[in-house]
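Chain and residue survey
Chain residues, written in single-letter form:
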Amino acid sequence: MASCSVSKDVRHKEKPPIPKTKVDDLFDPKLRSFGKKGNSVLLLLPMSGNNESIGRNILNACLLAVDNSRNIDFHLIDTANTSIEKCKMYDYFKDKNLKAIIGPVFFHEIKPYSALFPDVPILSFSNNLKINRGHIFACGLSLQDEIQALMAYANSQEINSFLIMLPEGDIGTQILEILEDELKKYGLEEGDDLEIIRYSSISRKAATKYAKNSNKKAVFVINPILTISKLKDIRVFTVSSAALSNSEAWDGVIFAFSDNDELRKFSERYNANFGVYPNVLDIIGHDLMKIVREFINLQKPIVGNHHQGCMGEFLIDKNTGPKRDLQIFRMENSQKKELTKIEVLNN
């Protein structure tokens, strides 16, 4: 049901291809079953269209996590291919002992697959907690977890005034609602101690000047609209997906993420194979593949168990999805430097 080769990472075509045996074990253009291994896992990723690179990079991460999976058949479906008939998909998998689904990437894609496979765990890449119910889990890095950790850190540093500068639109509104809820815990509401700016466009010069003259101790943004070096007495906070997407543009920013030996080893291995370091979705894909392998091979339940991965220790709750143990970092010279650790796992 997919039609493109994944033998090499699309961003670095000069890199050597993944060994063919590994590609054949996972990437199945015609959804044929290799060896009838008794258990099936389905990957739902965009392998064509505008988001092709996202799907290919996640798939690269999954390829690195399928070692010693001799009893599992992996199947890949291109979620961007609108010609795929979902009823035929159900007919194909009903006798394949489908154990789990990894994906899809985007929130709006989840509903039809959840209806097709009502009894199969779906580990999506979405971070929208509204999808968590029954067999569906939002396994993306939760904005609630990130912002909760950041605001706890800000409170520990006696930061009692904030300027929030967010773009207009759904994402800005979603983040603002979470921020307002978290800041209320520390007695901050809109007024002298909390100012909220929504913008459709703004220059870096204008945004930096406004922040500098705001008399606030901290600013929260999700776009690189500030020259942070000019805000010496003001802390700048953002979400990890922004900070890690362009480390040079975010030098000096503070964000919540995770770091451990497993992540460092995986990042080096990913870079050695594909010539770049993995992004957040790639890292999550690697962890989800590990969870599924443990579920099938070790009968370790997906829900209610503590899992250890590249994103640290986390628990997947049946109602709220994963809760991760995050750390606080500052970006310095394009490298993340840990400031302190905020425990959110059991909050």
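Conventions adopted
- Residues numbered from 1 in each chain as written.
- Predicted model: local features only at pLDDT ≥ 70, side-chain atom pairs only at ≥ 80, totals over all residues.
- Heavy atoms only, no water.
- Buried < 20%, exposed > 50% of the residue type's maximum accessible area, 1.4 Å probe, protein only.
- Helix = DSSP H or I, 4+ residues; strand = E, 2+ residues; numbered from the N terminus.
- Pairing = 2+ DSSP bridges.
- Right-handed = clockwise from strand over helix to strand, strands pointing away.
- Axes fitted to C-alpha atoms, helices over the stretch in contact; angles between N-to-C directions.
- Parallel < 35°, antiparallel > 145°, perpendicular 65-115°, else oblique.
- Left-handed = near helix turned anticlockwise from the far one by under 90°.
- Contact = heavy atoms within 4.5 Å.
- Nonpolar A, V, L, I, M, F, W, Y, C, P; charged D, E, K, R; others polar.
- Core = buried A, V, L, I, M, F, W, Y, C linked by side-chain atoms within 4.5 Å.

1. A look at the pairing of strand β3 (residues 98-102)
Burial of β3 is extensive: four of the five residues sit out of reach of the surface. Of the strand pairs in this sheet, strand β1 (residues 39-45) and β3 are connected by four bridges, and their pairing is parallel. When the bridges of β3 are listed, Val41 appears paired with Ala100. Note on the crossover from β3 through helix α4 (residues 110-116) to strand β4 (residues 122-124): the handedness is right-handed.

2. Quick look at the packing of helix α9 (residues 261-274) against helix α10 (residues 280-297)
The interhelical angle for the contact between α9 and α10, taken along N-to-C directions, is 110°, at an axis separation of 11 Å. By the criterion of interaxial angle, the relationship of α9 to α10 is roughly perpendicular. In the packing of α9 onto α10, the handedness of the crossing is right-handed. Residues Glu262, Leu263, Phe266 and Tyr270 of α9 form the contact with α10, whose own contacting residues are Asp282, Ile283, His286 and Lys290. Among the residues making up the contact of α9 with α10, the classes are represented as four nonpolar, one polar and three charged.

3. Quick word on the nonpolar core
With 89 residues, the main nonpolar core has Phe162, Phe220, Leu226 and Phe237 as its most contacted residues. Looking at this core element by element, the count peaks at eight residues for α10. Ignoring anything within four residues of it in the chain, the contact list for Phe162 reads Met151, Ala154, Leu183, Leu188, Asp193, Leu194, Glu195, Lys216, Ala218, Val219, Phe220 and Phe237. Phe93, Tyr113, Val120 and Ile122 belong to the second-largest nonpolar core, a separate cluster that totals 13 residues.

4. Focus on the sheet that holds strand β12 (residues 312-317)
Sheet strands pair by backbone hydrogen bonding; their relative direction is either parallel or antiparallel. As summarised here, the arrangement of the three strands in space is β11-β12-β13, forming an open sheet in which the pairing is antiparallel. Strands with a single pairing partner mark the edges of an open sheet, and in this sheet they are β11 (306-309) and β13 (321-324). Along the sheet, successive strands turn relative to each other by an average axial angle of 35°, direction set aside. Pairing geometry for β11 and β12, over four bridges, is antiparallel. Following the sheet pairing, His306 is matched in β12 by Leu315.

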